[in-house]
Amino acid sequence: MCPTPTANAHLPGGLILVVEDDPLILEFLCEILQEEGFKVEPQTSADAASLYLEKHAQQVALLLTDITMPGTLNGADLANLVGDRWPEKPVMVMSGYETPETSGVKHPVAFIKKPWAIGQLLDCVDSAFKSKAPRLH
């Protein structure tokens, strides 16, 4: 039996691009978000995620990425790419070792430290979406 989705009642729809090189953590993240009613696109590297964004940026509502990953790009590089090219897109980064500041993230992002609790993760996703929500004057 699935829990009743709560987050999607007040969050915008759209796809969350989830980038994590540990397959177990990636699967767990995707399950949590899907149970809350989100659509997810899992990617195992920042390199693969940047290629995905080149073709599907319009569908991506939020980037959720780990900072430390192998490859040409790491999560900080990916966050900077999104901030440079698609500044309206919210970005959420996570790490057990670094912070956005120590890793070189240049744009405002939501940050969660690993290990996180499910409630903390969902609160951070909520904050990330709200950070880029259109403001009424």
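Residues numbered from 1 in each chain as written. Predicted model: local features only at pLDDT ≥ 70, side-chain atom pairs only at ≥ 80, totals over all residues. Heavy atoms only, no water.

**As for the pattern of salt bridges**
Between side chains of opposite charge, a pair can form when the charged atoms approach closely.
Alright, step 1. In this structure the tally under the stated criterion is 5 salt bridges.
Alright, step 2. Here Glu20 makes a salt bridge to Lys114, at a shortest N to O gap of 2.8 Å. With Glu20 in the loop between β1 (15-19) and α1 (23-35) and Lys114 in the loop between β5 (110-113) and α5 (118-131), this residue pair connects regions lying 94 residues apart in the sequence. For the pair formed by Glu20 and Lys114, the shared burial category is buried.
Alright, step 3. Residue Arg85 is joined to Glu54 by a salt bridge in which the shortest nitrogen-to-oxygen separation is 2.6 Å. In this pair, Arg85 sits in helix α3 (residues 75-85) while Glu54 sits in helix α2 (residues 46-56), placing the two residues 31 residues apart along the sequence. (Salt bridge = Lys/Arg side-chain N within 4 Å of Asp/Glu carboxyl O. Helix = DSSP H or I, 4+ residues; strand = E, 2+ residues; numbered from the N terminus. Buried < 20%, exposed > 50% of the residue type's maximum accessible area, 1.4 Å probe, protein only.)

**So, the UniProt feature "modified residue: 4-aspartylphosphate" (unreviewed entry) in the protein**
Alright, step 1. Under the UniProt annotation, the feature "modified residue: 4-aspartylphosphate" (unreviewed entry) is placed at Asp66.
Alright, step 2. With respect to the helices and strands, the residue Asp66 is situated in strand β3 (residues 60-66).
Alright, step 3. Contact partners of Asp66, with chain neighbours within four places excluded, come to Val19, Glu20, Asp21, Gly75, Met94, Ser95 and Lys114. (UniProt positions renumbered as here; feature names shortened; annotations may be inferred. Contact = heavy atoms within 4.5 Å.)

**Some points on the confidence of the model for the protein**
Alright, step 1. Model confidence for the protein is summarised by a mean pLDDT of 90, while 88% of its residues fall at 70 or above.
Alright, step 2. Here residues 1-11 is modelled with pLDDT under 50, and outside its nearest four sequence neighbours on either side it reaches 15 contacts, counting other chains as well. (pLDDT = per-residue confidence, 0-100.)

**With respect to the nonpolar core**
Alright, step 1. Ranked by size, the top nonpolar core spans 23 residues in total, and within it Ile16, Val18, Leu33, Leu64, Met92 and Val125 carry the most contacts.
Alright, step 2. Sorting the residues of this core by element identifies β1, α1, β3, β4 (91-95), β5 and α5 as the ones contributing at least two each.
Alright, step 3. For this core, the leading source of residues is α5, giving 6 residues.
Alright, step 4. The next biggest cluster of nonpolar side chains, apart from the first, holds 20 residues, and it includes Met69, Ala79, Trp86 and Val93. (Core = buried A, V, L, I, M, F, W, Y, C linked by side-chain atoms within 4.5 Å.)

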